[in-house]
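# Coordinates in review
The chain contents come next:
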Amino acid sequence: MIRTRHYAIPLTILIALVLQIMPLPIQVDTYRPDWVLIVLSYWTMALPHRANVGVAFISGVATDILLGTALGVHCFALSLAVYILAANYQRLRNYSVWQQAIIIGLISALYHAVLFWLQHLLTGIPFQLNYLWPVVSSMVLWPWIFWILRKARRQLNIS
Amino acid sequence: MDTIFTRGPSLNIRLAMALVMSVVLIIADHKFDAFQSSRVYMNSLMSPLQYFANLPSVLLDVSSQRLTSREDLVEENQRLTNQVLLMSERLQRFEVLQSENDKLRKLLQAPVKKPAKKMVAELMAVDNSPFSQQIVINKGALEDVYLSQSVLDDKGIVGQVMEVGSTNSRVVLITDVTHAIPVRSARNDIRFIASGTGSIDELTLEHVPHSVDIEEGDLLVSSGLGHVFPEGYPVAIVNRVVRDESRPFASVTARPLARLDRLKYLLLLGSDEGQQGEVLPVEGETND
């Protein structure tokens, strides 16, 4: 039991990474939510002394390697997004799940904007509006992830 | 209470450190290619996750294979037998032509082309970042995959190896925005550069003057210039030529022949570079 308690946060982040790179049909792929960002957001809001910018940075390196982007792109965006959540965690905790979903949507939009800007600087890619579909799917997914992870946190008594 | 403010550096300093380190990483990786050698190890470290992510599709494949009906198998067998028959007929003609070509090349004292080493690889994962078009294949440095090796499917050129891991490697597709491939028109041998546009079914030809003879339906084959892709493999078909005289160049787009959105089995082609010694055995061709 003690082992799972200690490894719960890295384990959920690993699962999120796997979900982030899981091959999907091209029609569904556009709507893939930002698994890593959502899971990190939950842990940052729930346990800001366990998971914050440092964990986000490390997950960012892993994401960069797995997605084959220039090293540091996802680190930058994830650190920035998680910083905003960690700086306001006391206020965000008091919001209802639905309000939190909207905040997650805004954070996810910022995350994608930063990703796009960085990659635009590096390779000059053009902007397409489907880059923003994950914002919607992340918002829809948030209540469910929140519920599952809160249940896991309470059962395993992680603090 | 144990909060983030009671131990370690403050949140703002952590953010500043993370952002500075990210920028350093980006510059080191993108501008100076500092991680070229260590990428192999990083990819190998992360490859268990990739295999794990690939598990559902592997399971689906296996179960669909188990559940295939007998009629389907018979039908597929029939189709493949027909295909083998047709192919072997073409191969017979091809072998005669090949030997004739070799003789002619010897007469001209040009180097005879040796068949390149081939290897079949399977698609492992498709990169889902919308900004880049890359795939991961299940062969790596252990099977002698090397950087910028050409990758084909049954219709044409797919892309080139961009990162090698120990058991898998990453392939950049010809339609990626960062990729360009030297081609020539099969009809009249005019050379072009076909660059990716970031959308999976389009390439653009750069800097094509208005006067160049190029038409819709022209087949573009790899020209072998640049020593990355071997010569003569089909790449794309021109599908739109717009000659707007108010612009400096004609805008020409082409559709890749390889079915980049439904790749499954891929062919890795060993290029001449890898076997330099065996390619130039014909003497006396150096100063001709």
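Residues numbered from 1 in each chain as written. Chains lettered and ligands numbered in written order. Predicted model: local features only at pLDDT ≥ 70, side-chain atom pairs only at ≥ 80, totals over all residues.

The next subject is the overall build of chain A. Counting its regular elements, chain A contains eight helices and zero strands. If you list the helices and strands of chain A from N to C, you get α-α-α-α-α-α-α-α. Its C-alpha atoms give chain A principal-axis dimensions of about 45 × 30 × 30 Å. Pairs at least 24 residues apart make up 68% of the contacts formed inside chain A by residues separated by at least 6 positions. (Helix = DSSP H or I, 4+ residues; strand = E, 2+ residues; numbered from the N terminus. Contact = placed C-beta atoms within 7 Å.)

With that settled, the discussion passes to the overall build of chain B. Of regular secondary structure, chain B possesses four helices and twelve strands. Scored against the burial criterion, the 288 residues of chain B give a buried share of 30%. By sequence separation, contacts in chain B at least 24 residues apart represent 58% of the contacts at least 6 residues apart. (Buried ≥ 20, exposed ≤ 12 C-beta atoms within 10 Å, placed from the backbone.)

The domain architecture assigned to chain B consists of domain 1 (11-66) and domain 2 (180-256). Each of domain 1 of chain B and domain 2 of chain B has a C-alpha centre, and these two points are 33 Å apart. (Domains from an automatic or database assignment.)

Quick look at the packing of helix 3 (residues 35-46) of chain A against helix 7 (residues 97-123) of chain A now. All names here are of chain A. Packing of helix 3 against helix 7 leaves a shortest axis separation of 11 Å and a crossing angle of 130°. Classified by the angle their axes make, helix 3 and helix 7 are oblique. The hand of the helix 3/helix 7 crossing is right-handed. Each of Leu37, Ile38 and Ser41 in helix 3 lies in contact with helix 7, whose residues at this interface are Ile104, Ile107, Ser108 and Tyr111. (Axes fitted to C-alpha atoms, helices over the stretch in contact; angles between N-to-C directions. Parallel < 35°, antiparallel > 145°, perpendicular 65-115°, else oblique. Left-handed = near helix turned anticlockwise from the far one by under 90°.)

A few words now on the interface of chain B and chain A. Listed as interface residues are 41 residues of chain B and, on the opposing side, 41 residues of chain A. Secondary-structure elements contributing two or more residues to the side of chain B that touches chain A are helix 1 (11-31), helix 2 (38-67) and strand 1 (118-126) of chain B. The leading source of residues in the side of chain B that touches chain A is helix 1 of chain B, at twelve residues. Residues belonging to the side of chain B that touches chain A are distributed by class as follows: 21 nonpolar, 13 polar and seven charged. (Nonpolar A, V, L, I, M, F, W, Y, C, P; charged D, E, K, R; others polar.)

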